Amino acid sequence: MFAKWKSGAAYALLTLAFLLTLAWIQPEYGADPLGYAGQAFAFLQHHGLAQTRAVLEFGHLIWRPIAVVTTALSPQWAIAFTGIDFKLVPLAWLIAIGALFALIGLLLVYRTARSLSGS
């Protein structure tokens, strides 16, 4: 029982350290995520062939559609509560999803390292 609590505490501490580091370094996102967000916003404003092709481009078949879907599903009260300009909502979602995937990757590496070390 104590071992499971200790393991859970280690994951919680690692998650807290990750979030504090993320808040401390304040990463700036531009280039690709900014482009994906712009194309998602353009698609949401006008569903033309050019916008659809930009969103469904082969090399970016995950991030651009994710930006479109999460922005379309974002409730207006949540956007108003956060104070984010509507044009930045796709970028905010991509940043949040990217940070979540980074945290999951960190925890998986930690779990794998623990299992390989036998502790």
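In this text the structure is predicted, and so the values were computed from the model without any measurement.

**Brief notes about the packing of helix α4 (residues 63-73) against helix α6 (residues 89-117)**
- Here α4 crosses α6 at 115 degrees, and the two axes come no closer than 9 Å. The chirality of how α4 crosses α6 is right-handed. From α4, Trp 63, Ile 66, Ala 67, Thr 70 and Thr 71 reach across to α6, where they touch Val 89, Pro 90, Trp 93, Leu 94, Ile 97, Gly 98 and Phe 101.
- A per-class count over the contact of α4 with α6 returns nine nonpolar, three polar and no charged.

**Some details on the environment of Val 89**
- Within the element layout of this structure, Val 89 appears in helix α6.
- The buried category is assigned to Val 89, whose relative accessible area is 4%.
- It is 9.6 Å that separates the C-alpha atoms of Val 89 and Ala 72, two residues lying 17 residues apart in sequence.

**Concerning the packing of aromatic side chains**
- Counted under the stated rule, the structure contains one aromatic pair.
- Their ring planes at 85 degrees and their centres at 5.3 Å tell us that Tyr 11 and Tyr 110 sit as a pair that is edge-to-face. Placement of the pair is Tyr 11 in helix α1 (residues 2-25) and Tyr 110 in helix α6, with a sequence separation of 99 residues.

Criteria and cut-off values
- In every chain, residue numbers begin from 1 and rise along the written sequence.
- Selection of residues for local features in this predicted model requires a pLDDT of at least 70, selection of side-chain atom pairs for listing and counting requires 80 or more, and totals for whole chains, interfaces and linings are taken over all residues.
- The side-chain figures draw on all heavy atoms in the structure; neither hydrogens nor water molecules are used.
- Note on definitions: angles span 0 to 180 degrees between N-to-C directions of axes, and those axes are lines fitted to C-alpha atoms, for helices only across the stretch in contact.
- Secondary structure follows DSSP: runs of H or I at least 4 residues long count as helices, runs of E at least 2 residues long count as strands, and numbering of each begins at the N terminus.
- Each crossing gets its hand from how the near helix is turned against the far one by less than a right angle, where anticlockwise is left-handed and clockwise is right-handed.
- Should any heavy atoms of two residues lie within 4.5 Å, those residues are considered in contact.
- Under the scheme applied, nonpolar residues are Ala, Val, Leu, Ile, Met, Phe, Trp, Tyr, Cys and Pro; charged residues are Asp, Glu, Lys and Arg; polar residues are all the others, including Gly.
- Classification of residues uses two cut-offs on accessible area relative to the type maximum, computed with a 1.4 Å probe and protein chains only: under 20% is buried, over 50% is exposed, and between them is partly exposed.
- Pairs were defined over the aromatic rings of Phe, Tyr and Trp, the Trp ring being its six-membered one, requiring ring centres within 6.5 Å. Orientation was assigned from the angle between planes: stacked under 30 degrees, edge-to-face over 60, tilted for the rest.

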